[in-house]
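Coordinates in review
Take a look at the letters that make up each chain.
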Amino acid sequence: MTLRLAGAQVVTMDAKRRVVEGDVVVEDGRIRAVGRAEAGRGGRGRAGADRVIDCTGLVIIPGLIQAHIHLCQTLFRGLADDLPLEQWLAKRIWPLEAAHTEESVYWSAMLGAAELLLGGTTAILDMETVRHTGAAFAALESIGIRATAGKCLMDAPSAPSGLKETTEAALQEASDLCAKWHGAAGGRLRWCYAPRFVPSCTGPLLRAVSDLAARAGATIHTHAAETPLELQIVKEETGQDEISYLDAVGISGPRAALAHCVWVDEEGIRRLARQQTNVVHCPSSNLKLGSGIAPVPEMLAAGCRVALGADGAPCNNRLDAFEEMRLAALIQKPRLGSDVLPAAQVLELATLGGARALGLETEIGSIEPGKVADLVVLDLTGPHVVPEDADLVSRLVYGARASDVRHVIVDGRVVVRDGTLKAAKVEEIRREANKWARHLKKKTGL
Ligand SMILES: [Zn+2]
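Summary of the structure given here. The structure displayed is predicted, hence computed values, not measured ones.

Across its full length, the protein carries 15 helices and 18 strands. Its C-alpha atoms give the protein a radius of gyration of 21 Å, near enough to 22 Å, the size a compact globule of 446 residues would have. Expressed as lengths along the three principal axes of its C-alpha atoms, the size of the protein is roughly 65 × 45 × 40 Å. Taking all 446 residues of the protein together, 61% fall into the buried category. Across the protein, contacts joining residues at least 24 apart in sequence account for 74% of those joining residues at least 6 apart.

Our next topic: the coordination of the zinc ion. Here the zinc ion is held by the protein donor atoms His 68 (NE2), His 70 (NE2), His 223 (NE2) and Asp 311 (OD), which lie 2.0 to 2.3 Å from it. For the zinc ion, the four donor atoms in the first shell make angles of 87 to 175° at the metal, so the coordination geometry reads as irregular. Each donor residue of the zinc ion lies on one chain, and together they are spaced H-x1-H-x152-H-x87-D. Of this pair, His 70 sits in the loop between strand E6 (64–69) and helix H2 (85–98) while His 223 sits in strand E11 (residues 219–224), and the two are 153 residues apart along the sequence. The pair formed by His 70 and His 223 is uniform in burial state, with each residue classed as buried.

Considering all chains together, one arrives at 21 salt bridges under this definition. A salt bridge links Arg 146 to Asp 374, with the nearest nitrogen and oxygen atoms 2.6 Å apart. Of this pair, Arg 146 sits in strand E8 (residues 146–150) while Asp 374 sits in the loop between helix H13 (343–357) and strand E15 (375–378), placing them 228 residues apart in sequence. Overall, the relative accessible area of 6% leaves Asp 374 in the buried class. In this structure, the salt-bridge partner of Glu 361 is Arg 305, at a minimum N-O distance of 3.9 Å. Of this pair, Glu 361 sits in the loop between H13 and E15 while Arg 305 sits in strand E14 (residues 305–308); the two residues are 56 residues apart in sequence, bridging distant segments of the chain. Relative accessible area serves as the criterion here: at 35%, Glu 361 is assigned to the partly exposed category. Shared partners join several salt bridges into a network, and the residues in it are Arg 146, Asp 374 and Asp 411.

Turning to the environment of Val 105, a few remarks are in order. Along the chain, the position of Val 105 falls in helix H3 (residues 102–118). The class of Val 105 is buried, set by a relative accessible area of 0%. Sequence separation of Val 105 and Arg 131 is 26 residues, and the distance between their C-alpha atoms is 8.8 Å. Those residues in contact with Val 105 that sit more than four places away from it in its chain are His 100, Glu 128, Thr 129, Arg 131, His 132, Ala 135 and Ala 136.

The residue His 132 is located in the loop between strand E7 (121–127) and helix H4 (133–143) in this model. A distance of 3.3 Å separates polar atoms of two side chains, one belonging to His 132 and the other to Glu 102. With residues up to four places along the chain from it excluded, the contact list for His 132 reads His 100, Thr 101, Glu 102 and Val 105.

Contact geometry for helix H12 (residues 321–336) and helix H14 (residues 392–399): axes closest at 7 Å, N-to-C directions at 95°. Taken together, the axes of H12 and H14 lie roughly perpendicular to each other. Of the residues in H14, those touching H12 at Phe 322, Met 325, Arg 326, Ala 329, Leu 330 and Lys 333 are Leu 396, Val 397 and Tyr 398. By residue class, the composition of the contact of H12 with H14 is seven nonpolar, no polar and two charged.

Right, let's get into unusual backbone geometry. Most of the time, phi is negative for any residue but glycine, and the peptide bond is trans. Here the residue pair Asn 316 and Asn 317 is connected by a cis peptide bond, since its omega of 5° sits within 30 degrees of zero. Structurally, Asn 317 can be placed in the loop between E14 and H12. A cis amide bond, omega 15°, links Val 386 with the succeeding residue Pro 387. Positive phi, close to 50°, is recorded for Asp 28, a residue that is not glycine. Tracing the backbone through its elements, the reader meets Asp 28 in the loop between strand E2 (19–27) and strand E3 (30–34). A relative accessible area of 61% means that Asp 28 is categorised as exposed. Despite not being glycine, Cys 261 has its phi angle at roughly 45°, a positive value. Looking at where Cys 261 falls in the secondary structure, it is placed in the loop between strand E12 (256–260) and helix H9 (266–275).

Conventions used here
Along each chain, residue indices are assigned from 1 in the same order as the chain's sequence is written. Per-residue local features of the predicted model are confined to residues with pLDDT of at least 70, and side-chain atom pairs are confined, for both listing and counting, to 80 or more; whole-chain, interface and lining totals are unaffected and use all residues. Hydrogen atoms and water are omitted, and side-chain values are computed over all heavy atoms in the structure. Think of it this way: any DSSP run of H or I at least four residues long counts as a helix, any run of E at least two long counts as a strand, and we number them from the N terminus. The size measure is the radius of gyration over C-alpha atoms, and the globule rule it meets is 2.2 Å times the number of residues to the 0.38 power. For each residue, the accessible area found with a 1.4 Å probe, counting protein chains only, is set against the maximum for its type, and the residue is called buried under 20%, exposed over 50%, and partly exposed in between. Here, residues are in contact when the closest pair of their heavy atoms is within 4.5 Å. Any N, O or S atom lying within 2.8 Å of the metal counts as a donor, and for Na, K and Ca the limit rises to 3.2 Å; water is left out, so some sites can look incomplete. The rule is simple: four donors are tetrahedral if all their angles sit between 85 and 135 degrees, four are square planar and six octahedral if opposite donors span more than 155 degrees and the others lie between 65 and 115, and anything that fits none of that is irregular. A side-chain nitrogen of Lys or Arg and a carboxyl oxygen of Asp or Glu constitute a salt bridge if their distance falls within 4 Å. Polar contact is the term for a pair of N or O atoms within 3.5 Å; when the atoms are in protein, one must be able to donate a hydrogen and the other to accept it, and sequence-neighboring residues count only if both atoms are side-chain atoms. Every angle, taken between N-to-C directions, lies between 0 and 180 degrees, and every axis is a line fitted to C-alpha atoms, over only the stretch in contact when it is a helix. An angle counts as roughly parallel when it lies under 35 degrees, as roughly antiparallel when it exceeds 145, as roughly perpendicular when it falls between 65 and 115, and as oblique in every other case. Only Asp, Glu, Lys and Arg are considered charged in this grouping, and only Ala, Val, Leu, Ile, Met, Phe, Trp, Tyr, Cys and Pro are considered nonpolar; every other residue, Gly among them, is considered polar.

Set out below in structure tokens:
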């Protein structure tokens, strides 16, 4: 099966960061050729493809990657505004997560994945809640997004009673789900071990997670250094700085993705860079919860791996990769000057950086022959991205919006065509999401 996206401007994000005119040819889910000359070779002209989508006047970019998302929280959008992290968690998020059922987790994932795909995000690193993670995977399997997801692990004595599990029970279910879902849907779905954050987890659990993830070839997904209070708790409980403690229990290195890292000092940055641990910057979430501004330019200068993410709907409140790109650039400029974190560097975070955080840098993140076909076709003709001769990367990062997305391809399959989801009906998702959000509100009394 070949698919030809014909006649576009292609932002490849290859090693030379080439922008080329021409076609992208997809064969059996992988990119076979890019550009006018290469794609025309071999005697297979436009008519040679099984399917052609005319992309004249449109722009193709690598599918955007968000490396920190909580799909289980999408139904909580608007239910936890204007609170600092600790109250946001204890008063709203934990009770709501504890109230989840199979159905509400399923529709929360469907709602979030619909928003993500329609907005040009093709791959995510997702942290679910403690229970019903299988229902989230079922949703991800059916809607067609690429996802690495995991059940949230919470076993510390101080963890909330509605979500706390024994260390053994938490690890057993995580391993069982890993066996079932890691590599499912032809490799599109993968498992991650997702301890919530250090204050919710015991040392033995974190050490076991490090071993289990290494054995399974799975990513470790957690939060770190989000607020000064969190750092203080970790210091009191472990006697160590949080980043060094995580390193000591084996949560570091290319396999680990740490969301936030707002409060890291120079030594912590050097450690993250040395270990090649992935940092996932979530600018909207950090601003809305009042957590602070992560030292991303300093991290990049030190050689850290950095990706982007929207976090969950209740702390954002959108799951919009374009918004995160724009904000990531803007919030650094009052701190360090308008020349820091230019558009081209931000686009790298949302593509190549995300691919590294998911451990998929050889598969996704750029448009190159051999890579998996995760592609986004944009219509950049709206007044907010004109004139068209301006720098294309600047138009993408500073100007483009999720609503500029026309078609989305994941794993070589068209999952959004002309702004419409192929595998699900938005009307049904809206109806079910409203119903289950009402159910959760009633159950928790919020
Ligand atoms: Zn989070």
